[in-house]
Amino acid sequence: MLTGSCLCGSVAYEVDAAPGAIVHCHCVTCRKTHGSAFSTVSNVPRDRFRWIKGESLLRAFESSPGKNRHFCTQCGSHIVAERAGTGNILLRMGCLDTEITERPVVHIWRSDAAPWFDPKDQPPEWPEGKAPKG
């Protein structure tokens, strides 16, 4: 069972399925939607997905013909997307509450990538928001 929610916790879902392949999408639409270098997503079957809280707080934006991106009207979290007729829901992995062991398998739409981000770069890592003392 997978569970997920928005930033404010007003909207939540569950899925009775394992995530599909996890990908980092660098398309300009994902970058604009998330205000980030890329969006990490995974497909799950539509018939195994259900809203468990706050569905009335959702709004959708049709970002391309037939593709709706669903977001919380309280906090703005972009939670899922779906393309009509596919039978799948695209989970935004940043909204997933369940810990998973699967890892991303590919970067897609690198042709649209932000010029300031290169996935091959390895900048230093800090456990919190600033350099550790010492």
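Right above here is the structure, for reference.
Treat the numbers as computed from the prediction; the structure is a model and nothing was measured. (Residues numbered from 1 in each chain as written. Predicted model: local features only at pLDDT ≥ 70, side-chain atom pairs only at ≥ 80, totals over all residues. Heavy atoms only, no water.)

## As for the side chain of H70
Then, in step 1: If you trace the backbone, H70 turns up in strand β7 (residues 67–72).
Then, in step 2: A relative accessible area of 14% means that H70 is categorised as buried.
Then, in step 3: Polar contacts involving the side chain of H70 include one to the side chain of E82, which spans 3.0 Å.
Then, in step 4: Setting aside chain neighbours within four positions, we find H70 in contact with R59, A60, S77, H78, I79, V80, A81 and E82. (Helix = DSSP H or I, 4+ residues; strand = E, 2+ residues; numbered from the N terminus. Buried < 20%, exposed > 50% of the residue type's maximum accessible area, 1.4 Å probe, protein only. Polar contact = N/O pair within 3.5 Å; in protein donor to acceptor, adjacent residues only side chain to side chain. Contact = heavy atoms within 4.5 Å.)

## Quick notes on the sheet that holds strand β3 (residues 22–25)
Then, in step 1: Pairing in this open sheet of seven strands is mixed, and the strands run β6-β7-β8-β9-β4-β3-β10 from one edge to the other. The open sheet has two edge strands with one neighbour each: β6 (58–64) and β10 (106–108). Neighbouring strand axes in the sheet, compared pairwise and without regard to direction, differ in orientation by 30 degrees on average.
Then, in step 2: Note: β7 against strand β8 (residues 78–83), five bridges, orientation antiparallel. Within β8, the position partnered with H70 by the bridge is V80. (Pairing = 2+ DSSP bridges. Axes fitted to C-alpha atoms, helices over the stretch in contact; angles between N-to-C directions.)

## Structural notes on the side chain of R31
Then, in step 1: Following the sequence through the fold, R31 ends up in helix α1 (residues 28–34).
Then, in step 2: Put simply, R31 is tucked away with no salt bridge, and the nearest opposite charge, on D112, sits 6.1 Å away.
Then, in step 3: Side-chain polar atoms of R31 contact the backbone oxygen of H26, separated by 3.4 Å. (Lys, Arg positive; Asp, Glu negative; His and termini not counted. Salt bridge = Lys/Arg side-chain N within 4 Å of Asp/Glu carboxyl O.)

## A closer look at the sheet that holds strand β2 (residues 12–15)
Then, in step 1: Here we have three strands laid out as an open sheet, ordered β1-β2-β5, and antiparallel in their pairing. Across the chains shown, the open sheet's two edge strands, defined by having one partner strand only, are β1 (2–5) and β5 (49–53). Each strand of the sheet is rotated relative to its neighbour by a mean of 25 degrees, with strand direction disregarded.

## Observations regarding the pairing of β2
Then, in step 1: Here β2 shows two buried faces, one formed by A12 and E14 and the other by Y13 and V15.
Then, in step 2: Across four bridges, β1 lies against β2 in antiparallel orientation. Across the sheet, S5 pairs through a bridge with A12, a residue of β2.
Then, in step 3: Connecting the antiparallel pair β1 and β2 is a turn made up of six residues, with G9 showing a positive phi of about 85 degrees.
Then, in step 4: In the sheet, β2 pairs with β5 via four bridges, with the strands oriented antiparallel. In the sheet register, V15 faces β5, and the bridge partner there is F49.

## Some details on the packing of aromatic side chains
Then, in step 1: One pass over the full model with this rule turns up four aromatic pairs.
Then, in step 2: Taken together, a centroid distance of 6.2 Å and an interplanar angle of 90 degrees make the contact between Y13 and W51 edge-to-face. You can see Y13 sitting in strand β2 and its partner W51 sitting in strand β5, a full 38 residues away along the chain. One exposure class covers both Y13 and W51, and it is buried.
Then, in step 3: Geometrically, the ring pair formed by F49 and W51 is edge-to-face, given 4.9 Å between the ring centres and 90 degrees between the ring planes. (Phe/Tyr/Trp six-rings, centres within 6.5 Å; stacked < 30°, edge-to-face > 60°.)

Keep in mind these values describe shape, not function.
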